[in-house]
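What follows is each chain in one-letter form.
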Amino acid sequence: MTTTKLLTCKNAAMAAVLFLTVAISSCKKKDITQDGTLTDPSIKESAASTEAIGVTGPKGVCYVEVNNADIRNVGKYKLSTGQQLFDIAIIFAANINYNTSTQKAVLGFNTNVANILNNKTTYIKPLQDKGIKVLLSILGNHQGAGFCNFTSQASAQAFAQQLADAVNTYGLDGIDFDDEYAEYGVNGTGQPNASSFVYLVTALRNLLPNKIISFYYYGPAASRLSYNGVTVGSKINYSWNAIYGTYSVPNVPGLAKANLGPAAIDIQATSPSTAASLATQTVNNAYGIYLYYNLPNSDVHTYLSGISSNLYGGKTTVYAP
């Protein structure tokens, strides 16, 4: 099963958001190849994978709750210039499950996620044809398995191989880590340790040198980002704030501003004024990501226009894919 992202604690922070009224000049979406931290061949995306993402300005990253909405909605929205509004679509979510017989972490797909993956030409390729990258988010599933309690480098490597196999099998552009709902300790599993997440991300980067790896900055993994001189930030491409309706810079050493998203909104819960204000702060502070969550099946282009006007100086239109 997938689990809806935490909302109560995230929405409670909305009142603390600072509202800015600074006028924004027109800009375009930022080319991913300009991100300084991606110049290292071990972590950058391949030239072929970056060309389609686009021009300049903050990149739009959008999680879709695929139990409730069609992932292809991400491709419906364009700026008035004709560019796609969203650069990255995230399938929310696959799960890290725990096999009590083998005592190993297992990648799992619910019915809706499996349908998308097994019908990639229907759901994934149309987005990629528009230049949108498609990632698979991996989420805990209340079974005790998580990114932070692998007890050995070998066990982390084994799960990383499952993730890489999924990316390669289904033609995905990468993996997103979301360390929620693991319930560490359930089924006799261990508690988070210092090495696990670093081992996992390192192994995945070695298996997928030219794919995107992102981190939803939340949970035990957020405080376990380095081990034995190796940092998670040196292995991943992006990280973003997990508290919707707020502006908070993820503390991920090794990532530059262009690879961080301090602004996060829930399209169905964050007020238009807050969403627009967070867009203003993103541009004023020169960060490279703006995070959207919970894109519905209904037309929300008017809401999105308030954001894109501040991010790019242009409105959002909607069209049939």
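Structure: above.
Draft legend 1. Region of interest: the packing of helix H8 (residues 272-284) against helix H9 (residues 301-312). Contact geometry for H8 and H9: axes closest at 8 Å, N-to-C directions at 20 degrees. Here H8 lies roughly parallel to H9, going by the angle between them. The interaxial crossing formed by H8 with H9 has right-handed handedness. For the pair formed by H8 and H9, the contact residues are Pro272, Ala275, Ala276, Ala279, Thr280, Thr282 and Val283 on the first element and Tyr303, Gly306, Ile307, Asn310 and Leu311 on the second. In the contact of H8 with H9, the residues fall into eight nonpolar, four polar and no charged.

Draft legend 2. Local environment of the packing of helix H6 (residues 153-170) against helix H7 (residues 196-207). At their nearest, the axes of H6 and H7 sit 8 Å apart, and the two run at 45 degrees to each other. One element, H6, and the other, H7, form an angle in the oblique class. Handedness of the H6/H7 crossing: right-handed. Only Ser196, Tyr199, Leu200, Ala203, Leu204 and Leu207 of H7 make contact with H6, whose side of the interface consists of Gln153, Ala156, Gln157, Phe159, Ala160, Gln161, Leu163 and Ala164. Within the contact of H6 with H7, the residues separate by chemical class into 10 nonpolar, four polar and no charged.

Draft legend 3. Spatial organisation of the side chain of Asp176. Here Asp176 is to be found in strand E6 (residues 174-178). Polar contacts involving the side chain of Asp176 include one to the side chain of Tyr63, which spans 2.8 Å. What Asp176 contacts, discounting residues up to four positions off in sequence, is Tyr63, Ile90, Leu136, Ser137, Ile138, Ser214, Phe215, Tyr216 and Trp240.

Draft legend 4. Structural view of unusual backbone geometry. Put simply, Phe92 and Ala93 share a cis peptide bond, and its omega is 0 degrees. Within the fold, Ala93 resides in strand E3 (residues 88-99). Residue Asn187 is not a glycine yet carries a positive backbone phi of 60 degrees. For Asn187, the position within the fold is in the loop between E6 and H7. Phi at Asn228 takes a positive value of approximately 50 degrees, unusual for a residue other than glycine.

Draft legend 5. View of the pairing of strand E14 (residues 289-293). The element E14 is extensively covered by neighbouring structure, given that five of its five residues are classed as buried. Side chains of E14 alternate between two faces, with Ile289, Leu291 and Tyr293 and Tyr290 and Tyr292 buried alike. Where strand E13 (residues 263-266) meets E14, four bridges bridge the pair, whose relative direction is parallel. The residue bridging Ala263 from the neighbouring strand is Tyr290, located in E14. The parallel pair E13 and E14 is bridged by H8, and the resulting crossover is right-handed.

Draft legend 6. Structural detail: the packing of aromatic side chains. Using the criterion set out here, one finds 20 aromatic pairs in the structure. Where Phe177 meets Phe197, the ring centres are 5.6 Å apart and the plane angle is 90 degrees; that geometry is what we call edge-to-face. With Phe177 in strand E6 and Phe197 in helix H7, this pair connects stretches of sequence that are 20 residues apart. As far as burial versus exposure is concerned, Phe177 and Phe197 are alike and both buried. Pairing Phe215 with Tyr217 gives two aromatic rings, centres 6.0 Å apart and planes at 75 degrees, and the pair type is edge-to-face. Looking at Phe215, the relative accessible area reads 0%, which means it is buried.

Reading the values: rules and limits
Residues numbered from 1 in each chain as written. Predicted model: local features only at pLDDT ≥ 70, side-chain atom pairs only at ≥ 80, totals over all residues. Heavy atoms only, no water. Axes fitted to C-alpha atoms, helices over the stretch in contact; angles between N-to-C directions. Helix = DSSP H or I, 4+ residues; strand = E, 2+ residues; numbered from the N terminus. Parallel < 35°, antiparallel > 145°, perpendicular 65-115°, else oblique. Left-handed = near helix turned anticlockwise from the far one by under 90°. Contact = heavy atoms within 4.5 Å. Nonpolar A, V, L, I, M, F, W, Y, C, P; charged D, E, K, R; others polar. Polar contact = N/O pair within 3.5 Å; in protein donor to acceptor, adjacent residues only side chain to side chain. Buried < 20%, exposed > 50% of the residue type's maximum accessible area, 1.4 Å probe, protein only. Pairing = 2+ DSSP bridges. Right-handed = clockwise from strand over helix to strand, strands pointing away. Phe/Tyr/Trp six-rings, centres within 6.5 Å; stacked < 30°, edge-to-face > 60°.

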